[in-house]
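One letter stands for each residue in the lines below.
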Amino acid sequence: MMFLWAFLVGGTICLVGQFLMDVVKLTPAHTMSSLVVTGAVLDGLGLYEPLVNFAGAGATVPITSFGNALVHGAMAEAEKHGVIGIITGIFEVTSAGISAAIVFGFITAVLFRPKG
């Protein structure tokens, strides 16, 4: 049953993203930003963590999880270190994902020689 909920929640998040691009005519960059901000707002309101507990990977894999991670890290570090913790917390929690995206993007560009 857990797999079904993960599929349905993750699919719904992707469906919303596709709707924003196809019907609302947002660019992919605007759609991605909207989903990240949505994840951040939901985490700020305390609604994203219950969704993660309910849907598992269906909520942690889509881009909304990145917004969740930004706010979650900022709030955790702000409790420990005050205002400066907001900035350090954002980078501490998301640095591995950002670094992996840069490294794998570079490797892909070297291997496949994109034409752009």
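Since the structure is predicted, the reported quantities are computational estimates derived from the model, not experimental observations.

The rules behind the values
Residues numbered from 1 in each chain as written. Predicted model: local features only at pLDDT ≥ 70, side-chain atom pairs only at ≥ 80, totals over all residues. Heavy atoms only, no water. Axes fitted to C-alpha atoms, helices over the stretch in contact; angles between N-to-C directions. Helix = DSSP H or I, 4+ residues; strand = E, 2+ residues; numbered from the N terminus. Parallel < 35°, antiparallel > 145°, perpendicular 65-115°, else oblique. Left-handed = near helix turned anticlockwise from the far one by under 90°. Contact = heavy atoms within 4.5 Å. Nonpolar A, V, L, I, M, F, W, Y, C, P; charged D, E, K, R; others polar. Expected span 1.5 Å × (residues − 1). Salt bridge = Lys/Arg side-chain N within 4 Å of Asp/Glu carboxyl O. Buried < 20%, exposed > 50% of the residue type's maximum accessible area, 1.4 Å probe, protein only. Polar contact = N/O pair within 3.5 Å; in protein donor to acceptor, adjacent residues only side chain to side chain. UniProt positions renumbered as here; feature names shortened; annotations may be inferred. Bend = angle between axes of the 7 residues up to and from the residue.

A.B. asks: Before we move on, can you summarise the packing of helix α5 (residues 64-81) against helix α6 (residues 83-112) with the specific residues and values?
C.D. replies: Remark: α5 packs on α6, axes separated minimally by 6 Å, with the N-to-C direction vectors making an angle of 140°. Viewed along their axes, α5 and α6 adopt a mutual orientation that is oblique. Classified by chirality, the crossing of α6 by α5 is right-handed. Contacts between α5 and α6 pair F66, A69, L70, G73, A74, E77, A78 and H81 from the former with V83, I84, G85, I86, T88, G89, I90, E92, V93, T94 and I98 from the latter. The residue inventory of the contact of α5 with α6, partitioned by class, reads eleven nonpolar, six polar and two charged.

A.B. asks: Any chance you could break down helix α2 (residues 28-44) for me, citing the residues and the numbers?
C.D. replies: For α2, which comprises 17 residues, the first-to-last C-alpha distance of 24 Å matches the rise-based estimate of 24 Å (1.5 Å per residue) to within 8%. Among the structural elements, α1 (2-22), α3 (48-55) and α5 are those in contact with the buried residues of α2. Within two residues after α2, G46 carries a phi angle of roughly 80°, on the positive side.

A.B. asks: So what's going on with the environment of G73? Residues and values would help.
C.D. replies: Along the polypeptide, G73 turns up in helix α5. As a C-alpha pair, G73 and I87 span 14 residues in sequence and 9.0 Å in three-dimensional space. Those residues in contact with G73 that lie beyond four places of it in its chain are G89, I90 and V93.

A.B. asks: Kindly report on the pattern of salt bridges, identifying the contributing residues and their values.
C.D. replies: For the coordinates displayed, the defined rule picks out one salt bridge. Between E77 and K80 there is a salt bridge, with its nearest N and O atoms 3.8 Å apart. Of this pair, E77 and K80 are both found in helix α5, three residues apart, which corresponds to roughly one turn of the helix. The buried category is assigned to E77, whose relative accessible area is 8%. Under the relative-accessibility criterion, K80 is labelled exposed at 62%.

A.B. asks: Requested: an account of the environment of K25, with residues and values cited.
C.D. replies: As for its position among the elements, K25 is in the loop between α1 and α2. It is 26 Å that separates the C-alpha atoms of K25 and Y48, two residues lying 23 residues apart in sequence. A distance of 3.1 Å separates the side chain of K25 from the backbone oxygen of D22, its partner in a polar contact.

A.B. asks: Explain the UniProt feature "transmembrane region" (unreviewed entry) in the protein to me, and be specific about the residues and the numbers.
C.D. replies: In the numbering used here, UniProt assigns the feature "transmembrane region" (unreviewed entry) to residues 51-71 and 83-112. Helix makes up 100% of residues 83-112 and strand 0%, and the two end C-alpha atoms of the span are 43 Å apart.

A.B. asks: Now, about α6: what can you tell me, with residues and values included?
C.D. replies: Between the first and last C-alpha of α6 there are 43 Å, a value that for 30 residues agrees with the 44 Å anticipated at 1.5 Å per step. Of all the bends in α6, the greatest measures close to 55° and is centred on T94. Residues of α6 that are buried: G85, G89 and T94. Looking one or two residues beyond α6, the residue adopting positive phi is R113, at roughly 40°.

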